[in-house]
Amino acid sequence: MAQSIAPPAAASTGAAGTAVTPLPLRAVLPWAVFVGTLMLVLLYFVGAEQGATSVFSGADVHEWVHDGRHLLGFPCH
């Protein structure tokens with residue numbers, strides 16, 4: 001009457017004992033590209049939006065991200 005505790009090798013189960021299905025790359029790739037692009041844009045605004053590479057004139061963007069620049073180690077003044 002000994003029963004196996006381990007689940008069968010062919011099926012993977014989650015914490016509640018339900019089957020876990022892997023996400024296909026086609027479903028994840030657009031979100032990964034979107035998040036990656038968003039992170040690069042945010043990195044630009046925090047790290048390089050002032051001076052010669054400025055997209056917007058004035059110091060408004062610099063003032064909005066000033067504390068974030070110091071937190072991430074970017075010098076600004």
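Calculation notes
Residues numbered from 1 in each chain as written. Predicted model: local features only at pLDDT ≥ 70, side-chain atom pairs only at ≥ 80, totals over all residues. Heavy atoms only, no water. Helix = DSSP H or I, 4+ residues; strand = E, 2+ residues; numbered from the N terminus. Buried < 20%, exposed > 50% of the residue type's maximum accessible area, 1.4 Å probe, protein only. Areas by Shrake-Rupley, 256 points an atom, 1.4 Å probe, with all protein chains shown as cover. Patch = residues over 30% accessible without salt bridge, like charges linked within 9 Å, V, L, I, M, F, W, Y side chains within 5 Å. Salt bridge = Lys/Arg side-chain N within 4 Å of Asp/Glu carboxyl O. Phe/Tyr/Trp six-rings, centres within 6.5 Å; stacked < 30°, edge-to-face > 60°. pLDDT = per-residue confidence, 0-100.

## Brief notes about the overall build of the chain
Logical step 1: Counting its regular elements, the chain contains three helices and zero strands.
Logical step 2: Reading the helices (α) and strands (β) of the chain from amino to carboxyl end gives α-α-α.
Logical step 3: Taken over 77 residues, the chain has a buried fraction of 10%.
Logical step 4: Looking at the chain as shown, the accessible area adds up to about 6700 Å², and 71% of this sits on carbon and sulfur atoms.

## Details of a nonpolar patch on the surface
Logical step 1: Among the surface-exposed residues, Trp31, Phe34, Val35, Leu38, Met39 and Leu42 lie close enough to one another that they form a single nonpolar patch of about 650 Å² accessible area.
Logical step 2: Counting through the fold element by element, Phe34 comes out in helix 1 (residues 25–47).

## Focus on the environment of Asp60
Logical step 1: Tracing the sequence through the fold places Asp60 in helix 2 (residues 60–64).
Logical step 2: Linking Asp60 and Gln50, residues 10 residues apart in sequence, is a C-alpha distance of 9.8 Å.

## A few points about the packing of aromatic side chains
How two aromatic rings sit relative to each other is set out by the distance from centre to centre and by the angle between their planes.
Logical step 1: Under the counting rule described, the total for this entry stands at two aromatic pairs.
Logical step 2: Plain terms: the ring middles of Trp31 and Phe34 are 6.3 Å apart, the flat faces sit at 85° to each other, and that makes the pair edge-to-face. Remark: Phe34 and Trp31 occur in helix 1; sequence separation between them is three residues, near one turn of the helix.
Logical step 3: Note on Trp31: relative accessible area 60%, which makes it exposed.

## A short note on the side chain of Arg69
Logical step 1: As for its placement among the helices and strands, Arg69 is situated in helix 3 (residues 66–72).
Logical step 2: Here Arg69 falls in the buried class, since its relative accessible area comes to 2%.

## Details of the confidence of the model for the chain
Logical step 1: With 79% of its residues at a pLDDT of 70 or more, the chain shows a mean pLDDT of 79.
Logical step 2: Per-element averaging of pLDDT across the chain places helix 2 at the bottom with 80 and helix 1 at the top with 92.

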